Amino acid sequence: MSTARPVHFRYPQAILVAAIVGFVGAVPLASVSWFLAPILLVPLALAIWAWRAGTDADAAGIRTRALLGNRRIAWSQIRELAADRRGRAMVLLTDGHAVGLPAVRAADLPRLVEASGSRLDTDHAG
């Protein structure tokens, strides 16, 4: 039985604050005319994304959350954890597809592995 605890990765809450400020700032512009009202949807969508988006990991697998959906990936479907040149984490699946992990950076990969109940093999690091 694994004693691993689930981990949650989220974007900084400053994004949510910026979206609220953007919404308040867009109200005067949107109130000028009815066809400018959809401008309010941009900061609203950003606020929802900032509140919702992220990655959760536990002993069963990884769940990525986006603005409108989520995806559950079992550890058995994951071939490799990797990071791109910009330091963003991703998983390479056994079917050959790559899936980005929202809010997870390369430095967070050891915490992600611990959530699986496994240990990170550092013997081959060079």
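Before reading on, note that the structure itself is shown above.
Residues numbered from 1 in each chain as written. Predicted model: local features only at pLDDT ≥ 70, side-chain atom pairs only at ≥ 80, totals over all residues. Heavy atoms only, no water.

Novice: Could you give an account of the overall build of the chain, with specific residues and numbers?
Specialist: Counting secondary structure elements, the chain contains three helices and seven strands. The helix and strand sequence of the chain, counted from the amino end, reads β-α-α-β-β-β-β-β-β-α. With 126 residues in all, the chain has 32% of them scored as buried. Partitioning the intrachain contacts of the chain with sequence separation of at least 6 by distance along the chain shows that 40% fall at a separation of at least 24. On the chain, the mean spot of the 14 positive side-chain charges and the mean spot of the 9 negative ones are 8 Å from each other. (Helix = DSSP H or I, 4+ residues; strand = E, 2+ residues; numbered from the N terminus. Buried < 20%, exposed > 50% of the residue type's maximum accessible area, 1.4 Å probe, protein only. Contact = heavy atoms within 4.5 Å. Lys, Arg positive; Asp, Glu negative; His and termini not counted. Charge placed at Lys NZ, Arg CZ, Asp CG, Glu CD.)

Novice: Tell me what's going on with the sheet that holds strand β7 (residues 98-105), and back it up with residues and numbers.
Specialist: Strand order in the open sheet formed by three strands is β5-β6-β7, and the pairing between neighbours is antiparallel. The open sheet is flanked by β5 (78-83) and β7, the only strands paired with a single partner. The mean inter-strand angle of the sheet, taken between neighbouring strand axes irrespective of direction, is 25 degrees. Where strand β6 (residues 88-93) meets β7, four bridges bridge the pair, whose relative direction is antiparallel. Its bridge partner being in β7, R88 is matched across the sheet by R105. (Pairing = 2+ DSSP bridges. Axes fitted to C-alpha atoms, helices over the stretch in contact; angles between N-to-C directions.)

Novice: Please provide a residue-by-residue account of helix α1 (residues 14-30), values included.
Specialist: The terminal C-alpha atoms of α1 lie 24 Å apart, and with 17 residues this matches the ideal 24 Å at 1.5 Å per residue to within 8%. When α1 is considered as a whole, its buried residues turn out to be A19, A26 and A30. As for α1, its buried residues are in contact with α2 (41-52). (Expected span 1.5 Å × (residues − 1).)

Novice: Give me the nonpolar core: which residues, what numbers.
Specialist: The biggest cluster of nonpolar side chains holds 17 residues, and the ones touching the most others in it are A57, I62, I78, V91, L101 and L112. When contributions to this core are tallied by element, the ones reaching two or more residues are β1 (7-10), β6, β7 and α3 (109-115). It is β7 that contributes the most residues to this core, four residues altogether. Contact partners of L101, with chain neighbours within four places excluded, come to T55, I62, T64, A89, M90, V91 and L112. (Core = buried A, V, L, I, M, F, W, Y, C linked by side-chain atoms within 4.5 Å.)

Novice: Tell me about the packing of α1 against α2, residues and numbers included.
Specialist: Put simply, α1 and α2 touch, their axes get as near as 8 Å, and they point 165 degrees apart. As judged from the angle between their axes, α1 and α2 are roughly antiparallel. You can see that α1 and α2 cross each other, and the crossing is left-handed. The segment α1 lies against α2, with I15, L16, A19, G22 and F23 engaging P43, L46, A47, W49 and A50. Looking at side-chain class alone, the contact of α1 with α2 contains nine nonpolar, one polar and no charged residues. (Parallel < 35°, antiparallel > 145°, perpendicular 65-115°, else oblique. Left-handed = near helix turned anticlockwise from the far one by under 90°. Nonpolar A, V, L, I, M, F, W, Y, C, P; charged D, E, K, R; others polar.)

Novice: Give a description of the environment of I15 that names residues and reports values.
Specialist: With respect to the helices, strands and loops of the structure, I15 is situated in helix α1. Judged by its relative accessible area of 24%, I15 falls in the partly exposed class. When the C-alpha atoms of I15 and A47 are compared, they prove to be 7.4 Å apart, with 32 residues separating the residues in sequence. Dropping the residues within four chain positions of it, I15 is found in contact with L46, W49 and A50.

Novice: Describe the sheet that holds strand β2 (residues 54-57), naming the residues involved and giving the relevant values.
Specialist: The four strands are arranged β1-β2-β3-β4 in an open sheet whose pairing can be described as antiparallel. Here the strands that pair on one side only, and so sit at the sheet edges, are β1 and β4 (70-74). Pairwise comparison of adjacent strand axes, ignoring direction, gives a mean angle of 15 degrees for this sheet. Where β1 meets β2, four bridges bridge the pair, whose relative direction is antiparallel. Its bridge partner lying in β2, V7 is registered against A57.

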